[in-house]
Amino acid sequence: MGFFSVLGDMFRIFKHVFRQVFVRPFTSLYPFEDRYYPERTRGRHIHIREKCTACSQCVRACPVVAIRIDKEDKMYEKDAALYFDYSRCIFCGLCVEACRFDSLFHTPIVDLSEGERDDLLYGPDKIETLERDPLEWRGRRFR
Amino acid sequence: MSEHMKSSGSASTLGRDIVNKFPEVQANPLEGNRIELVMPADKIRAIVALLDESVSDFLPESMFAVDLENDQYELIYIFWSHSNKLLCQLRVPIEGEAPEVESVSDIYPGFEWHERETHEMFGIGFSGHPDLRLLLLPEELEGKYPLRKSFQTDRSRLEESGLPQPKPKPPAAERPARPTPSTTPKEGGESPE
Amino acid sequence: MKTDIVDDAIEIWFGPQHVSAHGWATKLTLVGDYIVECDPNAGYFHRSAEKVMEFRNFRQGALIMERLCMLEAFLAEYPYVTAVEKIAGLEVPERAKVMRTIMMEASRIHSLQFWWGQFAAELGLFTMLLWPWVDREFFLDAFEELSGSRHAVSYNTPGGVKYDFNEGVIAKLERAMDRIEDRLPKFKDMLLRGPTFRVRTQGIGQFTAEQGLKWGLSGPNIKACGVPMDLRKDDPDPSLAYDMCDWEVPTVHNEDHPGESDAYDRMVQRFLEVETSLGIIKQLLPQVPDGPIIDPKHRAKANRLPEGEAYGRVEGTRGVTTLWLKTQDKAQTPWRAKIRGPCFSSYYSLKHLVPSSKFADFIVIFGSLDPYPGWWDR
């Protein structure tokens, strides 16, 4: 263990230190800035009610019975109100795959945390709109 | 590694050897180098010992029971030999309220837990097995045999899921011997998870 | 236990609260520092997957399989999918075959990276816990870009695959592979050449290939004994594309104890596995043909299956993973599905492997078999 080998070790350590100083951080300040979500991210759903024909294929495809359909609740001529239970949903994508009328999609919004358990049951008013911008409400909540 | 097997290593040769020794065994060739041997339950131990003798590198791949309803079961043993690229499947039809076959866990220790699991899930006894305690199930399900078709899943939370109530099954006497499963995925959604 | 043999024998439970015991418990009987009897207990994770499968249709069943082992999700759901394809008579398009193979190998690398970290942490080297897990994130990014989910990918489906490759996926896969190739020599340096590692793993948990086969061990645990038993070569699956590339089954031949493997050999074997998988992906990525990714008749055919039995098998990260499926005529759900998890056998084999070794080596032996509780509890 000579003097030069110690010097070499120190040099290697300094190299690492300087590299870490100038590298971009891997982490992000979560509530205020978001990470990159790919286009195919399977987050919460959005239901486009104008195109829905109330065929209930999504209900049949769901493996965990997270979707309920209310055929009485009619806003348009042929449509139905969907209720999504996000305390049960496993985000497998089978309902979106089963929809042949392009009326059900995933969105890249994945932060669904709520204070109350009942708020996770998304009724027709909530599932049809993306009324809250996730960045905005998250910021409000953590500030 | 061909010295592992006395015969040439093909599935048909193995089947012929076994049928020659045990004429009650029926050999059905499957696609590829695979063979299925259908045998009575009292011969299983002798035949597994013979398999162990003739092919020395058999991997005890899987062993399980299938419920065919009306107290009829099938035991299936699957062996895989790497050096011969040979898959051997034994099919043992058994019947009875609490049927019993001989354990092969001393010839192939890998089957010890498979037999334990089959015992707790189907209620099939294995005579000569070192311990038949519960493996996967909790104590309150002992003797309930959950993988039998007659086992009733928990339907206590069915109403809150908003699903239609399943139609009650006709009693066993009126049912045909092997009916198609009447359960659809929607009815099964209430099973305990 | 016959505690009357030795008066000072004590029984202790290893798990389920122990940090290294992620959901399992083993009853050990010790005399002094030596284990004389080991009684592995399963069932802490039992979710009754086989019964649940009987109530789910053929598209939903693969989701249960991948939830048994999230680390090798692409591999885990494959036996179910291929069994359904065999009964339904679905033709997998060429493009889907190659894409499946690539993603399955990527998932194998990802699972092995997880294992390095876990094994090293069980031996006490926490740097090695974090480094491979950072690289693992790059594979997870690729999985997310491909399917929209990091772990529960739900990618294979009867008849083909669900999501197509695009430039982003390929770029992310290549980035992940470059990263692991860059870092592989470093990991080898840390794990294989580290003196503490050698002392703690060499000669520990030694068994011969014959013993291992009798216990039902397969995969890297058997390949480390020098037996090239690999379903990718032995039983080539027509709906996978392993024959499109040139590769050899990696095995370890240790001169000190030929035909046997210890914990160190199994560690070496898993490094070789990663190199093989990297080679396969590299050869297959430029060869992805054009065309459809799913059989056009998959909706009609996988909805109701004819009567039949099929046996789907795949060489998983931890060994032979199979699923035996039986259907009745015009069935929407399986009549019986039997999952064979590779770790069911490796956990059982502790009963024979552990006795007469030291208590401190127990976790080394256990970790070197690459256990995953989801596979034995199902």
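An account of the accompanying structure is given in this report. Predicted model only: the values in this text are computed from it and were never measured. (Residues numbered from 1 in each chain as written. Chains lettered and ligands numbered in written order. Predicted model: local features only at pLDDT ≥ 70, side-chain atom pairs only at ≥ 80, totals over all residues. Heavy atoms only, no water.)

Below, the discussion takes up the overall build of chain A. When helices and strands are counted, chain A shows five helices and five strands. Tracing chain A from N to C terminus, the helices and strands come up as α-β-α-β-β-α-β-β-α-α. The burial tally for chain A puts 38% of its 143 residues in the buried class. Nonlocal contacts in chain A, meaning residues at least 24 apart in sequence, comprise 72% of its contacts between residues at least 6 apart. (Helix = DSSP H or I, 4+ residues; strand = E, 2+ residues; numbered from the N terminus. Buried < 20%, exposed > 50% of the residue type's maximum accessible area, 1.4 Å probe, protein only. Contact = heavy atoms within 4.5 Å.)

Looking now at the overall build of chain C. Secondary structure summary: chain C contains 17 helices and ten strands in total. If one aligns the C-alpha atoms of chain C with their principal axes, the spans along those axes are about 70 × 45 × 35 Å. Relative to its full complement of 378 residues, chain C shows a buried share of 67%. Taking contacts inside chain C between residues at least 6 apart in sequence as the whole, the part at least 24 apart equals 71%. The positive charge centre, built from 45 side chains, and the negative charge centre, built from 53, are 5 Å apart in chain C. (Lys, Arg positive; Asp, Glu negative; His and termini not counted. Charge placed at Lys NZ, Arg CZ, Asp CG, Glu CD.)

Attention shifts here to the packing of helix H6 (residues 127-147) of chain C against helix H7 (residues 167-192) of chain C. Residue and element names in this part refer to chain C. Contact pair H6 / H7: the axes reach a minimum separation of 9 Å and the direction vectors enclose 165 degrees. By the criterion of interaxial angle, the relationship of H6 to H7 is roughly antiparallel. Here H6 runs over H7; the crossing is left-handed. For the contact of H6 with H7, the per-class residue count stands at 16 nonpolar, two polar and eight charged. (Axes fitted to C-alpha atoms, helices over the stretch in contact; angles between N-to-C directions. Parallel < 35°, antiparallel > 145°, perpendicular 65-115°, else oblique. Left-handed = near helix turned anticlockwise from the far one by under 90°. Nonpolar A, V, L, I, M, F, W, Y, C, P; charged D, E, K, R; others polar.)

Turning next to the sheet that holds strand E2 (residues 25-31) of chain C. All names here are of chain C. Judged by pairing direction, the sheet is antiparallel, and its three strands sit side by side in the order E1-E2-E3 without closing on themselves. Two strands lie at the open edges of the sheet, namely strand E1 (9-14) and strand E3 (34-41), each paired on one side alone. Across this sheet, the average inter-strand angle for adjacent strands is 20 degrees, counted without regard to direction. By the bridge criterion, six bridges tie E1 to E2 in an arrangement that is antiparallel. Within E2, the position partnered with Trp13 by the bridge is Lys27. (Pairing = 2+ DSSP bridges.)

Contacts between the two partners involve 17 residues from chain A, matched on the other side by 22 residues from chain C. Together, Arg40, Arg42 and Glu97 of chain A form the three largest contributors to the area buried by chain A at its contact with chain C, with a combined 40%. Linking chain A with chain C are one salt bridge. Scanning the region where chain A abuts chain C turns up 13 residue pairs in polar contact (both at pLDDT 80 or more). Only helix H2 (57-61) and helix H3 (94-98) of chain A provide two or more residues apiece to the side of chain A that touches chain C. For the side of chain A that touches chain C, the element with the highest residue contribution is H3 of chain A, accounting for three residues. Across the side of chain A that touches chain C, the residue classes tally to ten nonpolar, one polar and six charged. (Buried area = accessible area lost by both parts, 1.4 Å probe. Salt bridge = Lys/Arg side-chain N within 4 Å of Asp/Glu carboxyl O. Polar contact = N/O pair within 3.5 Å; in protein donor to acceptor, adjacent residues only side chain to side chain.)

It is worth spelling out the sheet that holds strand E1 (residues 26-30) of chain B at this point. Residue and element names in this part refer to chain B. Sheet architecture is open: five strands sit in the order E1-E2-E5-E4-E3, paired in mixed fashion. Strands at the two margins of the open sheet, each flanked by one partner only, are E1 and strand E3 (58-67). Pairs of neighbouring strands in the sheet enclose a mean axial angle of 20 degrees, with direction left out of account. As paired elements, strand E4 (residues 72-81) and strand E5 (residues 86-95) share ten bridges and run antiparallel to each other. Within E5, the position partnered with Phe79 by the bridge is Cys88. Contacting E1, strand E2 (34-38), E3 and E5, helix H1 (residues 11-21) runs over the sheet at an angle of about 20 degrees to E2. Set on the sheet, helix H2 (residues 44-54) makes contact with E3, E4 and E5; between it and E5 the angle comes to about 170 degrees.

For soluble globular proteins, nonpolar side chains are generally found buried alongside one another. Leu75, Tyr77, Phe79 and Leu90 of chain B together with Ile102, Trp116 and Tyr155 of chain C are the most contacted members of the largest nonpolar core, which totals 175 residues. Considering every element that reaches this core, the biggest residue donor is helix H5 (residues 94-123) of chain C, with 15 residues. Excluding its chain neighbours within four sequence positions, the residues that come into contact with Leu75 of chain B are Met63, Phe64, Ala65, Leu90, Arg91, Val92, Ile94, Val101, Thr118, Ile124 and Phe126 of chain B. Counting residues in each nonpolar core, the second largest holds 18 residues, with Cys58, Ala66, Cys95 and Ile127 of chain A among its members. (Core = buried A, V, L, I, M, F, W, Y, C linked by side-chain atoms within 4.5 Å.)

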